[in-house]
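Structure at a glance
Chain by chain, the residues:
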Amino acid sequence: MTTKVLEVKGLCKSFGGVRALRDLSFTVNENEVLGLIGPNGSGKSTTVNTLSGVLPPTAGEIRLGGHPVQNLPEWDRVAMGLTRTFQTASVFPEFTVREQVVLGCEATRRSRPIASAFRLKADRAEEQEIAKRVDTVLELTGLTALADAKVGVISAAEQRFLMIATALASGPKMILLDEPAAGMISHERETLTRMIRRICDSGTSVLVIEHHMALIMEVCDRIVVLNFGAQIAEGTPAEIRENRAVIDAYLGEAA
Ligand SMILES: Nc1ncnc2c1ncn2[C@@H]1O[C@H](COP(=O)(O)OP(=O)(O)OP(=O)(O)O)[C@@H](O)[C@H]1O
Ligand SMILES: [Mg+2]
């Protein structure tokens, strides 16, 4: 049976007179990588911003594991298993890679009430749980060997992998990646492609925005295409590649 992790129904977002999202409806299932593609300004980042709670939608419903979350703040959505990265990387240069990932764990830690009488014991168990989680996430993102390196000295691509690792540290059911390959060269994009597949296989569904079509076509199970804020197509990579509306609006004849 297919389990829906994220359900989006009739999602609209306007900025004054600009209708950035026009009635989007799609789902992301368990063990699925969904691609979100479209021309510049078509509403991809706005979709991620409304799903993650950075922006309130003008209308529509967002369900996470069956629960409506469109009125909840960003941190509540993280605690419920929905996390994201941003289009531009933000890191703390003086931290080690491991310390930065531990920060990501704090997002869920703060939201879990612990009975004060058991506080110390719970804290110790929690520390162990966090250390284990951090190791798993570093492994998943290929950063184990860099765990003790200062964030400021690792490469730009490694910093982007670290942003993914930090988001994964909260143990999400769903991660939203906004242009994770920005600025990467070909072999780094290939590493990222394999990483996205591993993340999905480890139990975190993925929604990925990218302009690199080779990455999208290789890694996605399904793709949703936006143009001027409207959903113009949805299908498998093979279907999207052949779709006349998508070719005309975005892909061109060469894809
Ligand atoms: N905070 C904002 N205030 C006003 N208008 C905005 C805001 N954010 C986005 N927009 C507008 O909404 C539309 C969609 O923008 P969005 O950033 O979602 O596009 P995108 O598909 O992510 O583009 P790109 O591929 O360039 O990243 C654009 O017309 C943009 O100018
Ligand atoms: Mg964008």
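First, a word on scope: everything that follows refers to the structure included in this document. (Residues numbered from 1 in each chain as written. Chains lettered and ligands numbered in written order. Predicted model: local features only at pLDDT ≥ 70, side-chain atom pairs only at ≥ 80, totals over all residues. Heavy atoms only, no water.)

Looking at the side chain of Gln 70
Just so we agree on the cut-off: Helix and strand definitions here come from DSSP, where helices need a minimum of 4 consecutive H or I residues and strands a minimum of 2 consecutive E residues; each element is numbered from the N-terminal end. For each residue, the accessible area found with a 1.4 Å probe, counting protein chains only, is set against the maximum for its type, and the residue is called buried under 20%, exposed over 50%, and partly exposed in between. Pairs of N or O atoms within 3.5 Å make up the polar contacts considered here, provided that, within protein, one atom can donate a hydrogen while the other can accept it, and that residues adjacent in sequence are counted only when both atoms are side-chain atoms. Residue contacts are counted whenever heavy atoms from the two residues lie within 4.5 Å of one another.
When you line up the elements, Gln 70 lands in the loop between strand S5 (67–68) and helix H2 (74–79). Among the residues examined, Gln 70 registers a relative accessible area of 16% and is labelled buried. There is a polar contact of 3.0 Å between the side chain of Gln 70 and the backbone nitrogen of Ile 62. The contact partners of Gln 70, leaving out residues within four places of it in the chain, are Pro 57, Gly 60, Glu 61, Ile 62 and Arg 77.

Here we look at the pattern of salt bridges
Defined as follows: By definition, a salt bridge exists where a carboxyl oxygen of Asp or Glu is found within 4 Å of a side-chain nitrogen of Lys or Arg.
With the rule as written, the count across this model stands at seven salt bridges. Across the salt bridge formed by Glu 32 and Arg 222, the nearest N and O atoms sit 2.9 Å from each other. Of the two residues, Glu 32 sits in the loop between strand S2 (18–29) and strand S3 (33–37) while Arg 222 sits in strand S9 (residues 222–227), which places them 190 residues apart along the sequence. In this pair, the class of Glu 32 matches that of Arg 222, namely buried. In this structure, the salt-bridge partner of Glu 61 is Arg 63, at a minimum N-O distance of 3.1 Å. Under the relative-accessibility criterion, Arg 63 is labelled partly exposed at 23%.

Details of the site of ligand 1
Applied cut-off: Working definition: residue near molecule or strand if any one of its non-hydrogen atoms lies within 4 Å of it. Calculation of accessible area relied on Shrake-Rupley with a 1.4 Å probe; when residues are assessed, cover is drawn exclusively from the protein chains displayed.
If you check the shell around ligand 1, you find 14 residues, and the closest are Asn 40, Gly 41, Lys 44, Ser 45 and Thr 46. Gly 41 has a polar backbone atom sitting 2.8 Å from an oxygen atom of ligand 1. Within the contact set of ligand 1, an oxygen atom lies 2.5 Å away from a side-chain nitrogen or oxygen of Thr 46. Contact with the protein chains removes 60% of the 640 Å² of surface that ligand 1 exposes when unbound.

Comments concerning helix H9 (residues 244–251)
Filter applied, for reference: Note that the arc is defined by the directions from the helix axis to the C-beta atoms.
Turning to H9, its buried residues are Val 246, Ile 247 and Leu 251. Seen from one end, H9 has its buried residues packed into an arc of 100°, which puts them on one side. On its buried face, H9 sits against helix H7 (213–219), S9, strand S10 (230–235) and helix H8 (237–242). The opening residue of H9 is Asn 243, an N-cap whose side-chain oxygen sits 3.0 Å from the backbone nitrogen of Ala 245. Positioned one or two residues after H9, Gly 252 has a phi angle of 75°, which is positive.

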